[in-house]
Amino acid sequence: MEQNDTTTIEMSAMEIHKVAPPPHKTTLQKLKTRLKETFFPDDPLRQFKGQPLKKKLILGAQYVFPILEWGPNYSFKLLKSDIVSGLTIASLAIPQGISYAKLANLPPIVGLYSSFVPPLVYAVLGSSRDLAVGPVSIASLVLGSMLREVVSPTKDPILFLQLAFSSTFFAGLFQASLGFLRLGFIIDFLSKATLIGFMAGAAIIVSLQQLKSLLGITNFTKQMGIIPVLSSVFHRTNEWSWQTILMGVCFLVFLLFTRHISIRKPKLFWISAGAPLLSVIISTLLVFALKAQKHGISVIGELQKGLNPVSWNMLHFHGRYLGLIIKTGIVTGILSLTEGIAVGRTFAALKNYQVDGNKEMIAIGLMNIVGSSTSCYVTTGAFSRSAVNHNAGSKTAVSNIVMAVTIMVTLLFLMPLFQYTPNVILGAIIVTAVIGLIDISAAYQIWKIDKFDFVVLLCAFFGVIFISVQDGLAIAVGISIFKVLLQITRPKTVMLGNIPGTRIYRNLDHYKEALSVPGFLILSIEAPINFANTTYLKERISRWMEEYESGETKKQSELKYVVLDLSACVGESNWRSTGKVTES
């Protein structure tokens, strides 16, 4: 009783403050402000204000080419660190490049081409110090699966290669356009739950696809779903090769063991970084010495030497396949862009520096446009390479240049050495690389925090493994957008109560010590008010009032006031509609 009296005294002494209308703005001024906050929230031109013309030109050149910003201060000490990290990621890039090209149903040499030119472009245009550029498993899988639905990579390899380069061009064009038009917020629709579920499903599909190489099967299904893949595996038991299985199991265990060591002891990162190249060398020597290619173990075969040939004449901008390559380019462009920016921001946060998302989009987009003209397919910042690059002590993007030079030497002089490299090793490398994409702990955290997000995660996961990679992603994105619309049209409303001894009001369900104020129904609307939810809010507030008057609170006091907390409502019209703000 004493507590209620105290609360009543506090409420009687409430202060009322009038809300002044905002300064008058013309429609053009309002539109200008809205466009600026939407597309230029970072105000990229603020550094040019008040600067002389010469300084503006220098700042402009540094903005377009970040290498001009840190290049003049580059030192020999930084070079030593970048050489070490560049050589380290090159040792990982060579086997991964060959493996991921096979995953995309492209010639292995294209994977090495894609690890040479794009890193050079990114080193000049990119703003991340840790991002290591090259092909990635997810984009390779999606590119190969989408194109293979229409064109066979074995029956018509030239056309398939042309479509891959053309898709890469449109991926780059889409990525660069997002950066130039400041539309990077579009990729935010790929929520964390969507990405976790999608990558886990894709990792399983990629791993199952490698059963072809790990078991030595020659006639394998072209479909990507888990059921046709497993069906193909068990209906082709007569093609299984025990020699291939033995070699695959041995090297897969070795690669997983080195990965486990590096996870447990991050300082030993170089063990897992060098394990793929070491596996390639040892397996190649074994095949060459034992003539294993004559005993059921398939090998890569002869690879041509030389640098990237020009491929701009292979790009398709018309014809019956135009729709396919545009769709493939957009899907792979979004996926690779999301991974590249996420990886760049992750390592930038660890080293406490900023990565400009729009500049990254432009850099990744332009390197794919250039790559499509130099026999490269879709590339981005790979998580595994970037992690190795970071742990190896990378200081600047010069590590990408060192990696590219190492790949160049390999292309010019070392290609004949890969002739006897067994395909089973490439399958083992891919499985080891993608297994880290399955993040069970993150999925469990999402389950604990938001059950709806967990449903999105499951839809992405099961959609990928049972339907297709692109359809699974589309389903998850569609459900995520539905969730956003649901939150807008059905905003959450909660009842607030006073925390005794304070002037603080909190959710009665979350704060057990909070007490409702007799005669007052205090509601918090936890979303902006707009035309899509006004009807719902009127009905919901009316229902709150009915529940108050007919529930237990009726016995304590009669409802006298309804107080709405509209702190979540942002906008000029919302302030005008409230009229007053009451502080108790």
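Keep in mind that this is a model prediction, so the values were computed, not measured.

Enquirer: Could you give me a rundown of the overall build of the protein, with the residues and numbers involved?
Expert: Scanning the protein for helices and strands turns up 25 helices and eight strands. By principal-axis analysis of the C-alpha atoms, the protein measures approximately 95 × 65 × 50 Å. Sequence separation of at least 24 residues holds for 78% of the intrachain contacts in the protein that already meet a minimum separation of 6. On the protein, roughly 29,600 Å² of surface is accessible, and the fraction owed to carbon and sulfur atoms is 64%. With 52 positive and 34 negative side-chain charges, the protein shows a separation of 11 Å between the mean positions of the two kinds.

Enquirer: Kindly report on the nonpolar core, identifying the contributing residues and their values.
Expert: Ranked by size, the top nonpolar core spans 111 residues in total, and within it Leu-106, Val-142, Leu-163, Phe-198 and Leu-411 carry the most contacts. A per-element tally of this core places helix α9 (residues 157-180) first, with nine residues. Those residues in contact with Leu-106 that sit more than four places away from it in its chain are Ala-101, Leu-143, Phe-160, Leu-161, Ala-164 and Tyr-377.

Enquirer: Let's hear about the packing of helix α5 (residues 76-103) against helix α19 (residues 423-434): which residues, and what values?
Expert: The geometry of α5 relative to α19 is characterised by a closest axis approach of 9 Å and an angle of 95° between their N-to-C directions. In terms of orientation, α5 lies roughly perpendicular with respect to α19. For the pair formed by α5 and α19, the contact residues are Pro-95, Gln-96, Ile-98, Ser-99, Tyr-100, Lys-102 and Leu-103 on the first element and Asn-423, Leu-426, Ile-429, Ile-430 and Ala-433 on the second. Taken together, the residues of the contact of α5 with α19 sort by class into eight nonpolar, three polar and one charged.

Enquirer: I'd like to hear about the packing of aromatic side chains, residue by residue, with values.
Expert: With the rule as written, the count across this model stands at 11 aromatic pairs. Between Phe-170 and Phe-317 the ring centres are 6.0 Å apart and the planes differ by 70°, which places this aromatic pair in the edge-to-face class. Of the two residues, Phe-170 sits in helix α9 while Phe-317 sits in the loop between α14 (269-290) and α15 (322-351), which places them 147 residues apart along the sequence. Residues Trp-447 and Phe-454 carry aromatic rings whose centres are separated by 5.1 Å and whose planes lie at 70° to one another, so their mutual orientation is edge-to-face. Residue classification places Phe-454 among the buried residues on the basis of a relative accessible area of 18%. Linked through ring pairs, Phe-169, Phe-170 and Phe-317 together constitute an aromatic cluster. When the ring centre of Phe-288 is taken as reference, the NZ or CZ atom of Lys-291 above it lies at 5.3 Å. Across the ring face of Trp-447, the terminal group of Lys-451 is positioned such that the distance to the ring centre comes to 4.6 Å.

Enquirer: Describe the sheet that holds strand β7 (residues 561-565), with residues and values.
Expert: Pairing in this open sheet of four strands is mixed, and the strands run β5-β4-β6-β7 from one edge to the other. The open sheet terminates on both sides in strands that have one partner only, identified here as β5 (505-507) and β7. Taken pair by pair, the neighbouring strands of this sheet meet at an average axis angle of 40°, ignoring direction. When strand β6 (residues 520-525) meets β7, the two strands line up parallel, connected through five bridges.

Enquirer: Mind laying out the confidence of the model for the protein, listing which residues take part and the relevant values?
Expert: Averaged over the protein, the pLDDT score is 84; the fraction of residues at 70 or greater is 91%. The lowest-confidence element of the protein is strand β8 (residues 580-583), averaging 38 in pLDDT; the highest-confidence one is α9, averaging 94. For the stretch residues 1-12, pLDDT sits under 50, and the model shows nine contacts to residues farther than four places along the chain or on other chains. Predicted confidence is poor over residues 571-584, with pLDDT under 50, and the contacts of this stretch with residues over four places away or in other chains come to 25 contacts.

Enquirer: Which residues make up the environment of Ser-542, and what values do they have?
Expert: Relative to the helices and strands, Ser-542 is located in helix α23 (residues 534-550). Note on Ser-542: relative accessible area 35%, which makes it partly exposed. C-alpha of Ser-542 to C-alpha of Phe-383: the two residues are 159 residues apart in sequence and 52 Å apart in space.

Enquirer: How would you summarise α15 if you had to cite specific residues and measurements?
Expert: Over its 30 residues, α15 runs 43 Å from end to end, which matches the ideal 44 Å to within 8%, given 1.5 Å per residue. Just past α15, the residue Asn-352 takes up positive phi, approximately 60°.

Enquirer: Describe the side chain of Ser-99, and please don't skip the residues or the numbers.
Expert: Mapped onto the elements of the fold, Ser-99 is located in helix α5. Setting aside residues up to four positions removed in sequence, Ser-99 forms contacts with Leu-426, Ile-429 and Ile-430.

Enquirer: Got a sec to walk through the pairing of strand β4 (residues 493-498)? Specific residues and values, please.
Expert: Most of β4 sits out of view: six of its six residues are buried. In β4, alternate side chains face the same way, and those of Thr-493, Met-495 and Gly-497 on one face and Val-494, Leu-496 and Asn-498 on the other are all buried. As paired strands, β4 and β6 are joined by three bridges and run antiparallel to one another. Note that in β6 the partner of Met-495 across the bridge is Leu-523. In this antiparallel pair of consecutive strands, β4 and β5, the connection spans six residues, and Gly-501 shows a positive phi of 80°.

Enquirer: Explain helix α20 (residues 440-449) to me, using residue names and the numbers behind them.
Expert: Of all the positions in α20, only Ala-442, Ala-443 and Ile-446 are classed as buried. Around the axis of α20, the buried residues are gathered within 100° of arc, so they sit on the same side. Those residues of α20 that are exposed and angled more than 90 degrees off the buried face are Ile-440 and Ser-441. Where α20 is buried, its residues meet α10 (192-209) and α21 (451-466).

Conventions used here
Residues numbered from 1 in each chain as written. Predicted model: local features only at pLDDT ≥ 70, side-chain atom pairs only at ≥ 80, totals over all residues. Heavy atoms only, no water. Helix = DSSP H or I, 4+ residues; strand = E, 2+ residues; numbered from the N terminus. Contact = heavy atoms within 4.5 Å. Areas by Shrake-Rupley, 256 points an atom, 1.4 Å probe, with all protein chains shown as cover. Lys, Arg positive; Asp, Glu negative; His and termini not counted. Charge placed at Lys NZ, Arg CZ, Asp CG, Glu CD. Core = buried A, V, L, I, M, F, W, Y, C linked by side-chain atoms within 4.5 Å. Buried < 20%, exposed > 50% of the residue type's maximum accessible area, 1.4 Å probe, protein only. Axes fitted to C-alpha atoms, helices over the stretch in contact; angles between N-to-C directions. Parallel < 35°, antiparallel > 145°, perpendicular 65-115°, else oblique. Nonpolar A, V, L, I, M, F, W, Y, C, P; charged D, E, K, R; others polar. Phe/Tyr/Trp six-rings, centres within 6.5 Å; stacked < 30°, edge-to-face > 60°. Lys NZ or Arg CZ within 6 Å of the ring centre and 35° of its normal. Pairing = 2+ DSSP bridges. pLDDT = per-residue confidence, 0-100. Expected span 1.5 Å × (residues − 1). Arc of directions from axis to C-beta.

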